[in-house]
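# Observations on the three-dimensional arrangement
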Amino acid sequence: MRHLMSPLDFSVEELEELFILANDIEADMGKYAHACTGKKLATCFYEPSTRTRLSFESAMLNLGGSVIGFSDANSSSAAKGESVSDTIRVISCFADICAMRHPKEGAPMVAASHSSIPVINAGDGGHQHPTQTLTDLLTIRSLKGHIGDFIIGLCGDLKFGRTVHSLINALMRYPGIRFVFISPPELRVPDYITESLKEKDIEYKEVISLDEVMGELDFLYMTRVQRERFFNEEDYVRLKDFYILNKEKMSLAKKDMLVLHPLPRVNEISVEVDDDPRAAYFKQVQYGVYVRMALILTLLEIKLT
Ligand code: NCD
């Protein structure tokens, strides 16, 4: 039995198979409409989420399966003091697969080690968010035809943004990727990440000004300042509008650069950018459903003949 805790749990070749399956789903959803009949997905969300939870639920429903779960720790037995390891043992009796989001780093890993069903990490604290990364990679691959040989700028909260950490981790394995980290000094990408880039001899630079690098980028991955992970409101208020992507900034970018964002957006992308053909963040949401469908099928070992 397999779980998904980090994007590195799948080899590059296995990811390739997953993306091929996701693109096949995109081309012919009807073919997969009953693939999970009789199967249940449990969504155990101890932290607020709309997109990720609904994306998982929509994925399972598209496959003909059903969904149970909770979207708030206060409405689950966690409020009574139940441990994650007990909860997953119980959920294992109710469902065939579980997607778990938790504010504590490593909680889904603890769940996986006590589970008799596949567990998917749907975001653990500031640590990892592997299914967002699968979404990001599928979007890149589908819109550009391949993953590799590009310059990607990651902009905003690179310190607390788990989608950023997961994505960098995953992209390190592809050839010819160069990273540009754009953040205020307080929200720099963690040292463990730059250390591992240095170790692997992967080119990166850290800058404060978005304007300065805009013209070099093939992808710009914008992120929200993660208010819930700040220690004080004052710092959040000071940093929240540090970057605002608008038409003027977009005019500095390449004609075929693509803007990605895991969403939710706050102020970091002005709505005037939404109509720009280079804005790919809503397409990205759609790819998130296809890739989660492909992931559920893969972890449940369901193959259509
Ligand atoms: C992200 C998350 O939860 O980390 N959202 C998501 O899952 N699409 C990004 C964010 O909350 O900023």
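Residues numbered from 1 in each chain as written. Predicted model: local features only at pLDDT ≥ 70, side-chain atom pairs only at ≥ 80, totals over all residues. Heavy atoms only, no water.

## What to know about the overall build of the protein chain
Heads up, the condition is: For helices the rule is a DSSP run of H or I covering at least 4 residues; for strands it is a run of E covering at least 2, with both sets numbered from the N terminus onward. Every radius of gyration here is taken over C-alpha atoms, with the globule rule written as 2.2 Å times N^0.38, N being the number of residues. Whether a residue is buried, partly exposed or exposed follows from its accessible area with a 1.4 Å probe, protein chains only, as a fraction of its type maximum: under 20%, in between, or over 50%, in that order. Whether two residues touch is decided by their heavy atoms; if any such pair falls within 4.5 Å, the residues are in contact. We get accessible surface area from the Shrake-Rupley algorithm with a probe of 1.4 Å; when it comes to residues, only the shown protein chains can shield them. As used throughout, the charge tally considers Lys and Arg to be positive and Asp and Glu to be negative, leaving His and the chain termini uncounted. Charge coordinates come from a single atom per side chain, which is NZ of Lys, CZ of Arg, CG of Asp or CD of Glu.
Along the protein chain, the regular secondary structure elements total eleven helices and nine strands. Over its C-alpha atoms the protein chain spans a radius of gyration of 19 Å, differing by no more than 12% from the 19 Å that the globule rule assigns to 305 residues. When the backbone C-alpha atoms are referred to their principal axes, the protein chain occupies close to 55 × 45 × 40 Å. Counting all 305 residues of the protein chain, 56% fall into the buried class. The contacts of the protein chain with a sequence gap of at least 6 include a subset with a gap of at least 24, amounting to 74%. Approximately 13,300 Å² of the protein chain is accessible, and the part contributed by carbon and sulfur atoms is 51%. Across the protein chain, the centroid of the 34 positively charged side chains sits 3 Å from that of the 43 negatively charged ones.

## What about the pattern of salt bridges?
Pairing of side chains with opposite charge becomes possible as their charged atoms draw close. Going by this rule: Whenever a carboxyl oxygen of Asp or Glu lies within 4 Å of a side-chain nitrogen of Lys or Arg, that contact is scored as a salt bridge.
Here the structure, examined in full by the defined rule, presents 21 salt bridges. A salt bridge links Asp-86 to Arg-89, with the shortest nitrogen-to-oxygen separation between them at 3.5 Å. Taken together, the residues span about one helical turn, with Asp-86 and Arg-89 both in helix 3 (residues 84-94) at a distance of three residues. A residue is classified by how much of its surface remains accessible, and Arg-89, at 44% relative accessible area, is partly exposed. Across the salt bridge formed by Glu-195 and Lys-198, the nearest N and O atoms sit 3.9 Å from each other. Within this pair, Glu-195 and its partner Lys-198 are both found in helix 7 (residues 191-199), separated by three residues, close to a single helical turn. One connected set of salt bridges, linked through shared partners, spans Glu-47, Arg-162 and Arg-229.

## Here we look at unusual backbone geometry
For the peptide bond that leads from Leu-263 to Pro-264, omega is 5°, which places it in the cis range. Position of Pro-264 relative to the elements: it lies in the loop between strand 9 (258-260) and helix 11 (281-299). We note that Asp-201 has phi near 60°; this positive angle belongs to a residue other than glycine. Inspection of the secondary structure puts Asp-201 in the loop between helix 7 and strand 7 (204-207). Classification of Asp-201 as exposed rests on a relative accessible area of 72%. Phi is positive for Leu-263, close to 60°, though the residue is something other than glycine. You can call Leu-263 buried: its relative accessible area is 14%.

## What to know about the packing of helix 5 (residues 130-144) against helix 6 (residues 162-171)
How we decide: Angular values range over 0 to 180 degrees, each being the angle between N-to-C directions of two axes fitted as lines to C-alpha atoms, with helices fitted over their stretch in contact. What sets the label is the angle itself: under 35 degrees gives roughly parallel, over 145 gives roughly antiparallel, 65 to 115 gives roughly perpendicular, and the rest give oblique. In this scheme the crossing of two helices becomes right-handed for a clockwise turn of the near helix relative to the far one and left-handed for an anticlockwise turn of less than a right angle.
Interhelical geometry of helix 5 versus helix 6 gives an angle of 55° and a closest axis separation of 8 Å. Between helix 5 and helix 6, the crossing angle belongs to the class labelled oblique. For helix 5 against helix 6, the interelement crossing comes out right-handed. Across from Pro-130, Gln-132, Thr-133, Asp-136 and Leu-137 in helix 5, the residues of helix 6 making contact are Thr-163, Ser-166, Leu-167, Ala-170 and Leu-171.

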